[in-house]
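Chain and residue survey
The primary structure of each chain is shown beneath.
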Amino acid sequence: MRLLLAFMWLLHWLPLPVLGRLGNGLGSLLFRIMQPRRHITLTNLRLCLPQLSEQERKQLAIRHFQAYARSVLERSILWWAPLKRLKKLIVLDPALPVEQIRSGPTILLCPHFVSLDVAGAAVAMEISMSSIYTQQRNDVFDKALRDGRLRFRPQKLISRAEGVKPIIRELRSGGGFFMLPDMDFGAKDAEFVPFFGIPAATLTATARIAAMTNAQVIPVIATMLPDFKGWKVTFHPAWKDYPGDDIVAATRFMNEFIEREVLKAPAEYFWTHKRFKTRPPGEPGVY
């Protein structure tokens, strides 16, 4: 692991176009050799984008593997590149609403696009936030990951094992929380809400926590700029009257928002995740 991290450190000196093309090549290779993840990706695309032909879905899957591999290699820039270089590569459109975030409890909602770490870095360069952190099995990599997240200014990392109480305390104290809302963690604390028309076990935490803390929800999406020029981080307007009285309807609204954003950059959504692993009672598995 130390050798791997040393190699990644060397990568951060490369120009982004070189690093990006290396990532594309690695992604094409991974698409060929990682059969289980290829199967998951193609299954997700078949379910979510049935209007595409099989060949179109295959090409989209290859581009996804390329984007994912790029994001792994480009993490070296996020971890070690000078702040000046990062600010040139990360385009904020619009700017981070610092004063709005500081005005009260705020959830920054960041769906699983491959460049979500860029969104985290863009925020961390400007303000302190809290976020969920899962301890890594390898201690050396765990330290590198934590150092990478904390390199700009103090951030509060909340262990997933601690549950929701520390998040609520942080928000009620007026802090901000960086939330990743769209992975399948099973049926507990989730509702089967459509995602591209397919019932998906979706955590209701965003709506429930917003209701309990009176937090505003500001979506943030990070995507890659064309021609290896960097990344764009978009801060959307805070959702009005969210979550309302119906938690399930609010969760459906969240999924619908994510669907629209996925269609803007479909190759960059995290299709290798088993988004439909948990099925409604009586329904067969899809993978």
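Here the structure is shown first, and the text comes after it.
Note that the structure is a prediction, hence the values are computed from the model and not measured.

Turning our eyes to something else, we now look at the pattern of salt bridges. A side chain of one charge can pair with a side chain of the opposite charge if their charged atoms are brought near each other. Under the criterion given, the structure shown has 10 salt bridges. The salt bridge involving E54 is made with R46; its shortest N-O contact spans 2.9 Å. Relative accessible area serves as the criterion here: at 40%, E54 is assigned to the partly exposed category. As a salt-bridge pair, E170 and K156 come within 3.5 Å of each other at their nearest N and O atoms. Residue E170 is located in helix α9 (residues 165-172), and its partner K156 is located in strand β4 (residues 156-159); the two are separated by 14 residues in the primary sequence. Using a relative accessible area of 17% as the deciding quantity, one classes E170 as buried.

This brings us to the pairing of strand β3 (residues 130-133). When β3 meets β4, the two strands line up parallel, connected through 4 bridges. Directly across from Y133, in β4, lies its bridge partner S159. At this point the chain moves from β3, through helix α8 (residues 139-150), to the parallel β4, and the crossover so formed is right-handed. As paired elements, β3 and strand β5 (residues 176-179) share 2 bridges and run parallel to each other. By the bridge assignment for β5, S131 is matched with F178.

Let's shift gears to the packing of aromatic side chains. How two aromatic rings sit relative to each other is given by the distance of their centres and the angle of their planes. If you walk through the whole model with that rule in mind, you get 15 aromatic pairs. Taking 6.4 Å as the distance between ring centres and 40° as the angle between the ring planes, the aromatic pair formed by F195 and F276 counts as tilted. Taken together, the residues span a long stretch of sequence, with F195 in strand β6 (residues 190-195) and F276 in the segment after α11 (247-264) at a distance of 81 residues. A single burial state applies to F195 and to F276, both of which are buried.

A few words now on helix α2 (residues 16-33). With 18 residues, α2 ought to run about 26 Å at 1.5 Å a step, and its terminal C-alpha atoms sit 25 Å apart, in line with that. Where α2 is concerned, the buried positions are L16, L19, G20, G23, G27, L30 and F31. In an axial view of α2, the angular spread of the buried residues amounts to 110°, which keeps them on one side of the axis. Seen from the buried face of α2, the exposed residues on the opposite side, beyond 90 degrees, are R21, R32 and I33. Considering only its buried residues, α2 is in contact with α1 (2-11), α3 (35-48), α4 (54-80), α5 (83-89) and β9 (231-235).

Within the secondary structure layout, H12 lies in the loop between α1 and α2. Ignoring any residue separated from it by four or fewer positions in sequence, one finds H12 in contact with S76, I77, W80, A81 and R85.

With that settled, consider the pairing of strand β2 (residues 106-109). Neither face of β2 is left uncovered, since the one carrying T106 and L108 and the one carrying I107 and L109 both have all their residues buried. In this structure, β2 lies alongside β5, joined through 4 bridges in parallel fashion. Across the sheet, T106 pairs through a bridge with G176, a residue of β5. Across 4 bridges, the pairing between β2 and strand β8 (residues 216-224) is parallel. Paired with T106 across the bridge in β8 is Q216.

Here is what the cut-offs are and how they apply
- Residues numbered from 1 in each chain as written.
- Predicted model: local features only at pLDDT ≥ 70, side-chain atom pairs only at ≥ 80, totals over all residues.
- Heavy atoms only, no water.
- Salt bridge = Lys/Arg side-chain N within 4 Å of Asp/Glu carboxyl O.
- Buried < 20%, exposed > 50% of the residue type's maximum accessible area, 1.4 Å probe, protein only.
- Helix = DSSP H or I, 4+ residues; strand = E, 2+ residues; numbered from the N terminus.
- Pairing = 2+ DSSP bridges.
- Right-handed = clockwise from strand over helix to strand, strands pointing away.
- Phe/Tyr/Trp six-rings, centres within 6.5 Å; stacked < 30°, edge-to-face > 60°.
- Expected span 1.5 Å × (residues − 1).
- Arc of directions from axis to C-beta.
- Contact = heavy atoms within 4.5 Å.

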